[in-house]
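What the coordinates show
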Amino acid sequence: EPLAPRELARAARSRRALVEQALAELAADYAGRGFQLHAVAGGYVFRTNPELAAEVRRFAAQLPVRMTRAQLETLAIVAYRQPITRPEIDDVRGVDSGPVLRTLLERELVRIIGKKEEPGRPLLYGTADKFLELFGLAALTDLPTLREFTELSPESREIYERELGVLAPEGAIEVEEEGQGESVAPAPERER
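A brief report on the enclosed structure follows. Quick caveat, the model's predicted, so the values are computed rather than measured.

Reading the values: rules and limits
Residues numbered from 1 in each chain as written. Predicted model: local features only at pLDDT ≥ 70, side-chain atom pairs only at ≥ 80, totals over all residues. Heavy atoms only, no water. Helix = DSSP H or I, 4+ residues; strand = E, 2+ residues; numbered from the N terminus. Buried < 20%, exposed > 50% of the residue type's maximum accessible area, 1.4 Å probe, protein only. Pairing = 2+ DSSP bridges. Axes fitted to C-alpha atoms, helices over the stretch in contact; angles between N-to-C directions. Parallel < 35°, antiparallel > 145°, perpendicular 65-115°, else oblique. Contact = heavy atoms within 4.5 Å. Nonpolar A, V, L, I, M, F, W, Y, C, P; charged D, E, K, R; others polar. Core = buried A, V, L, I, M, F, W, Y, C linked by side-chain atoms within 4.5 Å. Polar contact = N/O pair within 3.5 Å; in protein donor to acceptor, adjacent residues only side chain to side chain.

The residue after Q82, namely P83, is reached through a cis peptide bond having omega -5 degrees. The topology assignment puts P83 in the loop between α4 (69-81) and β3 (84-85).

Here it is as structure tokens:
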């Protein structure tokens, strides 16, 4: 679980600036090793070197976290449009997202952040810290833009497809003129 610099400073009974300097030095020192210090979800955590993922997975005999296409779609909608209500998620997806949203809540990837000020007071959903941890993000601002995602290089597409087991969409995003919004077009299905 990531620890924030202020928590580490309190535990070490030291100044935060000194702790942050030590964290930077540790991160640099461990950069080429089997495990590394990563800044995620507002804190720091030691993680295995991504280059050794296959060996560690084999050693630990654990399967990587698998998510269904519906879970990934719903999680992406919440991440990019939060705060968002379930009916708004359903409108984007075109199907009932209740069971998928419940699973994401159970996995602590999504959380309830409040209620919308409108009739019926629907719940508002947003991403949780575990979302940032799972995807190795320090903050939501580290998420790629939709434009960056559609402009993946062939090498990036190959890595994306290999790691996630999902085909990367080609030209799935059509950007309207003058920044008037973005519309998502379904990506054509390809055979492996």
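We now examine the pairing of strand β5 (residues 123-127). Judged by how many residues are buried, β5 sits mostly within the fold: four of five residues are covered. For β3 and β5, the ladder comprises two bridges, and the chain directions are antiparallel. Note on β5: the bridge partner recorded for T85 is L124. Where strand β4 (residues 110-115) lies against β5, five bridges are found, and the strand directions are antiparallel. Bridge pairing in β5 links V110 to T127.

Pairing geometry for strand β1 (residues 35-40) and strand β2 (residues 43-48), over six bridges, is antiparallel. Bridge assignment links L37 to a residue of β2, and that residue is F46. The antiparallel pairing of β1 with β2 creates a hairpin that spans two residues between the two strands, and A41 there sits at a positive phi of about 50 degrees.

At a minimum axis separation of 9 Å, helix α1 (residues 5-12) and helix α2 (residues 16-29) run at an interaxial angle of 110 degrees. For the element pair α1 / α2, the angle class is roughly perpendicular. Contacts from P5, R6, L8 and A9 of α1 reach α2 at R16, V19, E20 and L23. Residues that form the contact of α1 with α2 fall into these classes: five nonpolar, no polar and three charged.

This part is about the nonpolar core. Grouped together as the largest cluster of nonpolar side chains are 18 residues, with contacts concentrated most on L75, L104, V110 and F131. Contributions of two or more residues to this core are made by α4, α6 (98-106) and α7 (129-135). Take this core: its biggest share by element is four residues, from α4. Those residues within four positions of L75 in sequence are excluded, and the remaining contacts are M67, L104, L109, V110, F131 and F135.

The next subject is the side chain of Q36. By the element assignment, Q36 lies in strand β1. Looking at Q36, its side chain comes within polar contact range of the side chain of H38, at 3.2 Å. In this structure Q36 touches Y30, A31, V45, F46, R47, N49 and P50, once residues within four positions along its chain are discounted.

Honestly, it's all geometry; don't read function into it.
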